[in-house]
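Per-entry structural report
Letter by letter, the chains look like this.
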Amino acid sequence: MIVPMSMLLSVIPAAWLETAGRFHVVIVHFPIALLLLAGAIEFWRSVRRSNKPSNTAIVCLVLGAVSAIASSVLGWIHKGYTGFSANNPTLLWHEWLGIAAATVATLAIVLLLLRHKTLIPYRLTTILAALLVGVTGHFGGTLTHGPGYLTELLF
């Protein structure tokens, strides 16, 4: 029997859920670094026309996908305890791009396992996961620090 998520969440004390959700802010840095590195490595290897995937990129991709999934779940919990409106466009972009990044990173692993003669699908999805996590991080930074935080002192 599958227990609905709402029923499961209803038996967990709110303080525990809110605390767990706050770990999104801690864990989120792992997929950002790992997926960016995996994408950069595989991009470089494709430019160099390497016909083998990088072991380092694979480890980064697997750890990045797992931590992206955990971060997405914790972010979903965290969202319920923040002062942001559920209709906040920045929050929505951050949420759905984060889910997309975790999904695409997982898809890249599957494509690597299913590859026949070419690494192109694996490499493209790995690079796409890196781009998605970068854009997702931008929206997360905007939520946390406000728009223009990085460049406001320059202008």
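Okay, so let's go over this structure. Everything numeric here is computed off the predicted structure, so don't read it as measured data. (Residues numbered from 1 in each chain as written. Predicted model: local features only at pLDDT ≥ 70, side-chain atom pairs only at ≥ 80, totals over all residues. Heavy atoms only, no water.)

**Concerning the packing of helix α5 (residues 55-79) against helix α6 (residues 89-114)**
- Two numbers describe how α5 lies on α6: the axes approach to 9 Å, and their chain directions differ by 150 degrees. Compared by their axis directions, α5 and α6 come out roughly antiparallel. Remark: the crossing between α5 and α6 carries left-handed chirality. Here α5 contributes Ile58, Leu61, Val62, Ala65, Ala68, Ile69, Ser72, Trp76 and Lys79 to the contact with α6, which in turn contributes Leu91, Glu95, Gly98, Ile99, Ala102, Ala105, Thr106, Ala108, Ile109 and Leu112.
- When its residues are assigned to classes, the contact of α5 with α6 shows 14 nonpolar, three polar and two charged. (Axes fitted to C-alpha atoms, helices over the stretch in contact; angles between N-to-C directions. Helix = DSSP H or I, 4+ residues; strand = E, 2+ residues; numbered from the N terminus. Parallel < 35°, antiparallel > 145°, perpendicular 65-115°, else oblique. Left-handed = near helix turned anticlockwise from the far one by under 90°. Contact = heavy atoms within 4.5 Å. Nonpolar A, V, L, I, M, F, W, Y, C, P; charged D, E, K, R; others polar.)

**Overview of the pattern of salt bridges**
- Tallying each qualifying case throughout the model produces three salt bridges.
- For Glu42, the salt bridge identified is with Arg123, shortest N-O distance 2.6 Å. A residue pair is termed long-range when its members are at least 10 positions apart, and Glu42 in helix α4 (residues 29-47) and Arg123 in helix α7 (residues 120-145) qualify at 81 residues. (Salt bridge = Lys/Arg side-chain N within 4 Å of Asp/Glu carboxyl O.)

In short, shape yes, function no, at least from these values alone.
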